[in-house]
Amino acid sequence: DEHPVWLPDATIACQTHAEPLHESEPARIAILSARTGRELKRLASKFEDLMFGFAVHDSAFYFRACHRGCIDVFRATAPGGERLTPGGYDFWDVRFGGGRAVLQGAGPTLPGALFTLDLASGALSLLLDPNERWRRRVGLVEPEEFQVVVDGREIQGWAFLPPHRE
């Protein structure tokens, strides 16, 4: 079990797995009794990959998780978690304060930047793009998302197509 954090109600949240070889099992967040270690409830259980960066701010519990190929920020309010970021980015670091979060991350056409996230409205704003001049000079294109079905399973992909195509 990984990434323990105290919650405001004196319980403990941590990432757990159903099997000891956790690399092959879906990850979940369990709320544990601090006195007995017994699992009281499960907050998130649908993540195939990593969950990390557990934090408590203003009595709410936040975490980052790999979701559809990206690292998003979630608030643990429901069994699946409430995704706060729009997808398409990898947010490597998050700090909370004053009802907002500052995030450091990147996207397919944004090699690294600072963002702010309003925790009440969910509005994500670019705060600092240190690569702005370089990005304008090289002319990066936005990826176009597509899905294909293979053996009954939907697979998501992205293509970087040439600019100004017909």
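In every chain, residue numbers begin from 1 and rise along the written sequence. Local features in this predicted model are restricted to residues whose pLDDT is 70 or higher, and side-chain atom pairs enter the listing and the counts only when it is 80 or higher, whereas totals over whole chains, interfaces and linings include all residues. To obtain the side-chain values, all non-hydrogen atoms of the structure were used and water was disregarded.

Engineer: Whenever I open this one, the environment of Asn-131 confuses me. Can you help?
Structural biologist: Tracing the backbone shows Asn-131 in the loop between strand S12 (124–128) and helix H1 (132–138). Residue exposure (1.4 Å probe, protein chains only): buried if accessible area is under 20% of the type maximum, exposed if over 50%, otherwise partly exposed. For Asn-131, a relative accessible area of 24% translates into the label partly exposed. Put simply, Asn-131 and Gly-112 are 19 residues apart on the chain and 7.3 Å apart in space, counted from C-alpha to C-alpha. What Asn-131 contacts, discounting residues up to four positions off in sequence, is Pro-111 and Gly-112. Numbering of helices and strands runs from the N terminus, with a helix taken as a DSSP run of H or I at least four residues long and a strand as a DSSP run of E at least two residues long. When checking whether two residues touch, look at their non-hydrogen atoms; a contact exists if any pair is within 4.5 Å.

Engineer: Explain the nonpolar core to me, please; I cannot follow it from the model alone.
Structural biologist: A general feature of soluble globular proteins is that nonpolar side chains tend to end up buried together. Here, nonpolar core means buried Ala, Val, Leu, Ile, Met, Phe, Trp, Tyr and Cys residues that are tied together by side-chain atoms lying within 4.5 Å of each other. Core analysis: the biggest nonpolar cluster contains 14 residues, and Ala-13, Ile-29, Met-51, Phe-54, Phe-61 and Phe-63 have the highest contact counts within it. Going through the elements one at a time, strand S3 (27–32), strand S5 (51–57) and strand S6 (60–67) are the ones with two or more residues in this core. If we ignore the near neighbours within four places in the chain, the residues touching Phe-61 are Val-5, Leu-7, Ala-13, Ile-29, Leu-43, Phe-54, Ala-55, Val-56, Phe-74, Arg-75 and Ala-76. Judged by nonpolar contacts, the second largest core, of 13 residues, contains Ala-60, Phe-91, Val-94 and Phe-115.

Engineer: Help me understand the environment of Ala-106, please; the structure alone is not making it clear to me.
Structural biologist: Residue placement: Ala-106 occurs in strand S10 (residues 100–107). Taking C-alpha positions, Ala-106 is 8.3 Å from Trp-92, a pair spaced 14 residues apart along the chain.

Engineer: Looking at this model, I keep getting lost on the environment of Leu-50. Mind explaining?
Structural biologist: Its location among the elements puts Leu-50 in the loop between strand S4 (39–47) and S5. A relative accessible area of 41% means that Leu-50 is categorised as partly exposed. C-alpha separation for the pair Leu-50 and Arg-28, spaced 22 residues apart in sequence, amounts to 9.4 Å. Contacts of Leu-50, omitting those with residues within four sequence positions, involve Arg-64, Ala-65 and Cys-66.

Engineer: How should the pattern of salt bridges be read in this particular structure?
Structural biologist: Between side chains of opposite charge, a pair can form when the charged atoms approach closely. Think of a salt bridge as a Lys or Arg side-chain nitrogen and an Asp or Glu carboxyl oxygen that are within 4 Å of each other. Inspection of the entire model under this criterion finds 5 salt bridges. Here Asp-72 makes a salt bridge to Arg-83, at a shortest N to O gap of 3.6 Å. Of the two residues, Asp-72 sits in strand S7 (residues 70–75) while Arg-83 sits in strand S8 (residues 82–83), which places them 11 residues apart along the sequence. Judged by relative accessible area, Arg-83 falls into the partly exposed class, the value being 40%. One salt bridge in this structure joins Arg-136 and Glu-132, with 3.1 Å as the shortest N-O distance. Remark: Glu-132 and Arg-136 occur in helix H1; sequence separation between them is 4 residues, near one turn of the helix. The exposure class assigned to Arg-136 is exposed, which follows from its relative accessible area of 58%.

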